[in-house]
Every structure is written in structure tokens, then in C-alpha cells.
Amino acid sequence: MYVKVVKVPAGEAPLHVRQAWVGTVFQAVGPREYWEEGIVTGKDNPARLGYAVPQELAVEALERRNPAAADWFREHLRYHSNNLIFGADEVVEIHNEGM
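Criteria and thresholds
- Residues numbered from 1 in each chain as written.
- Predicted model: local features only at pLDDT ≥ 70, side-chain atom pairs only at ≥ 80, totals over all residues.
- Heavy atoms only, no water.
- 1 Å grid on protein atoms, 1.4 Å probe; cavity = no way out; pocket = protein on both sides within 12 Å on 5 of 7 lines; lining within 4 Å.
- Points joined across faces, edges and corners; volume = space filled by probe spheres on them.
- Helix = DSSP H or I, 4+ residues; strand = E, 2+ residues; numbered from the N terminus.
- Nonpolar A, V, L, I, M, F, W, Y, C, P; charged D, E, K, R; others polar.
- Salt bridge = Lys/Arg side-chain N within 4 Å of Asp/Glu carboxyl O.
- Buried < 20%, exposed > 50% of the residue type's maximum accessible area, 1.4 Å probe, protein only.

A.B. asks: Please clarify how the layout of surface pockets should be interpreted in this entry.
C.D. replies: To find the voids left in a structure, one rolls a probe of water-molecule size over its atoms. What the largest pocket holds in volume is close to 540 Å³. Along its surface, the largest pocket is lined by 27 residues, and Glu36, Glu37, Ile39, Leu84 and Ile85 are the ones closest to its centre. Among the secondary structure elements, those contributing two or more residues to the lining of the largest pocket are β3 (29–37), β4 (44–54) and β5 (83–87). Top contributing element to the lining of the largest pocket by residue count: β4, with 5 residues. Split by residue class, the lining of the largest pocket holds 14 nonpolar, 6 polar and 7 charged.

This is the structure:
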């Protein structure tokens, strides 16, 4: 399934970096409950309903829209998890014709 980011995601990245995700489309798994940790601090956050996207694929998609934001993520990502989580309220599911 594919999702499109339609709302600035929550998180520890600076606002202008998080804003760059809006409009990005990528393949994802979900929705389901995911535990999250802060990208910068590694702080555990409560579980929330969302979609998981492999970090590498997410940052590659962001690179096509905003190379500077993608560079920020490459520099700051903690690799404790292989996925980035986008909240269910931050994305919409799309079908191939919507891509």
C-alpha cells in the first residue's frame, strides 16, 4: 500500500524539516499500533496508530522533494529501528492512480 503525507508529522526534527514531508508518497505498512522513539534523543514515546516506512525508502522519497531535509535526516537518524512511523492522521492511503 502507498501513503501520502498530508499533515506535518510530529517529531523531534525542526519544523521546516518536518514540513518537507508533506506531499511525499511512499510504500508503507499499516495501520497498526507502533511504539516510537525520538529521532534525535532516542526517547521512548507512547504507541500510536500509524504507518511504518523503511527509513531508507522514506529518506530517498524525501530527497526527491527536498534534498536539504533529506540530508538533515541522514545526519540525525538513530538506527535503532529500520522504520519511520507516520501517524494515521498524518497520511492518507492512496491507490496507484493517485500517484
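Now that the structure is up, let's keep going.
A.B. asks: What is the right way to look at the pattern of salt bridges in this model?
C.D. replies: Throughout the structure, instances matching the rule amount to 5 salt bridges. Two residues, Glu36 and Arg48, come together in a salt bridge whose shortest N-O distance is 2.5 Å. Linking Glu36 in strand β3 with Arg48 in strand β4, this pair joins segments that are 12 residues apart in sequence. Residue Glu36 is classed as buried on the basis of its relative accessible area, which comes to 16%. In this structure, the salt-bridge partner of Arg74 is Glu63, at a minimum N-O distance of 2.6 Å. Of the two residues, Arg74 sits in helix α3 (residues 67–76) while Glu63 sits in helix α2 (residues 55–65), which places them 11 residues apart along the sequence. Relative accessible area serves as the criterion here: at 40%, Arg74 is assigned to the partly exposed category. With relative accessibility at 28%, the residue Glu63 sits in the partly exposed group. Connected through shared salt-bridge partners, Glu36, Arg48 and Glu90 make up one network.

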